[in-house]
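Here's the letter readout for the chains.
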Amino acid sequence: MLPPLDTPCALCRHQRAEADEWDDDAGVALRVCTRCANDGELGRRLPRASYLVVHSEAASATTETLGLYWTVSSDGAAPKTPSIVAIANLREPDSLPLGVQPGLFWRRRLLCHVPTNFDGDPLWFEHIAKHSQGDALLGVLKADADSVGAVLDESLHGSTSIRALSSISRQLDDFFAGRLKHELESNTAWQSIYTVFGGGDDLLLVGPWNVMFDFAGKINELFYLGFKRWRLTLSAGLALAKWKRPIKFAAAQAEDLLQQAKTATAPDESTAKDQLAALGQVWKWKHHAAIVGAGKRLVGWVDDESMPRGWLHTLLELAESRFGDPATGRVADPLATARLAHHVVRNYPSGTEIRRWGDTLVDDFDTCQRVETRYLPAIVRYALTATRNPSKEE
Ligand SMILES: [Zn+2]
């Protein structure tokens, strides 16, 4: 017989609630379990953390993992308790903190970037979502390197040295835990991105949805530069989620999309992988900039009022009817091109940039030779999300 749970934790619902956690959004205190309360406290201290400290004995405010106890320290000097078995330097991972015995120093890079407000406190997911363009949604990005084992097998063929293998895995870890951290810290465009984890050969990040589209492209660009000689590629899934939903659901959705990127073939392509899955479609990275750029161009036209937002709904409906949808059993409409031509001729003023764009789309709608036509559903969904009024529920 297990003891009754009484009130379960309001966050994880797995353990008995034993502490109060203030919920800014609801303006009430939530009853949470000790583990969730400790996680919340750890999260609040992360932006100012200097050292990750592992103890052999329980000390105050530490978390237990596999019989060891760890905490973060935000002091300027490294702590010197006798129970310490290892110290990692979070700010300068490669330098031995002053006064720490070399035997205790744990050289470990951690991808850790926490967006903060002016007081140095972490931004909640709600505030991160509200940094988005249009709809206040979080973008949850999960990415990892494609078939590392197989590629290395091929690249190292004939090599009997384990040194080459360990060198590549160290370079992968340096990339996910080191290079990306540097990119996040050095470019103000990425200040609102939160790192859940990154290292080894994969990562999970959360940020304003439109920023995550740009950052996904940046990650792949840097990955390509770092690993093209090994012919390693990256796949990723980007899920858009409301900030009020528990983040674990969005993380599971991002994982599903990542698997889609690794197994589904994009329109007019013959292989899977080296792709991003988002907004209901899958595309090769080589088309990413064109697709996001086309979405932004539509946003610009809606913003400067040269295109009524309602046309985006019409375009999405036409794109969906042009391609059909095997998942819902919707068959492709043979009249879609004629209906698009009617929509363009009737509405888009002749001689304008929008009309030229519309005419090109009509010409290509049957054969889909152009990237902007093949990925029109994702492009229009991007523009609809970026121009949605966040105060209105649609
Ligand atoms: Zn809990």
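One can find the structure itself at the top, above this paragraph.
Residues numbered from 1 in each chain as written. Predicted model: local features only at pLDDT ≥ 70, side-chain atom pairs only at ≥ 80, totals over all residues. Heavy atoms only, no water.

**Q** Residues and numbers for the overall build of the chain, please.
**A** What the chain contains, in helices and strands, is 12 helices and 12 strands. Dimensions of the chain, computed from C-alpha atoms along their principal axes, come out at roughly 80 × 65 × 50 Å. Relative to its 394 residues, the chain shows a buried fraction of 45%. A separation threshold of at least 6 residues defines the contact pool for the chain, and within that pool the share at least 24 residues apart is 58%. In the form shown here, the chain has an accessible surface area of approximately 20600 Å², with 53% of it arising from carbon and sulfur atoms. Here the chain carries 44 positive and 50 negative side-chain charges, and the mean point of each set is 2 Å from the other. (Helix = DSSP H or I, 4+ residues; strand = E, 2+ residues; numbered from the N terminus. Buried < 20%, exposed > 50% of the residue type's maximum accessible area, 1.4 Å probe, protein only. Contact = heavy atoms within 4.5 Å. Areas by Shrake-Rupley, 256 points an atom, 1.4 Å probe, with all protein chains shown as cover. Lys, Arg positive; Asp, Glu negative; His and termini not counted. Charge placed at Lys NZ, Arg CZ, Asp CG, Glu CD.)

**Q** Let's hear about the packing of aromatic side chains: which residues, and what values?
**A** Aromatic ring pairs: the centre-centre distance and the angle between the two ring planes describe each pair. Under the defined criterion, the tally for this structure stands at 13 aromatic pairs. Seen in terms of ring centroids, Phe213 and Tyr382 are 5.5 Å apart; in terms of plane orientation they differ by 75 degrees. Their pairing is edge-to-face. One end of the pair, Phe213, is in helix 5 (residues 209-227); the other, Tyr382, is in helix 12 (residues 376-386), with 169 residues separating them in the sequence. Taken together, a centroid distance of 4.7 Å and an interplanar angle of 35 degrees make the contact between Phe223 and Phe227 tilted. One end of the pair is Phe223 and the other is Phe227, both in helix 5 and four residues apart, which spans about a single turn. Each member of the pair Phe223 and Phe227 is classed as buried. (Phe/Tyr/Trp six-rings, centres within 6.5 Å; stacked < 30°, edge-to-face > 60°.)

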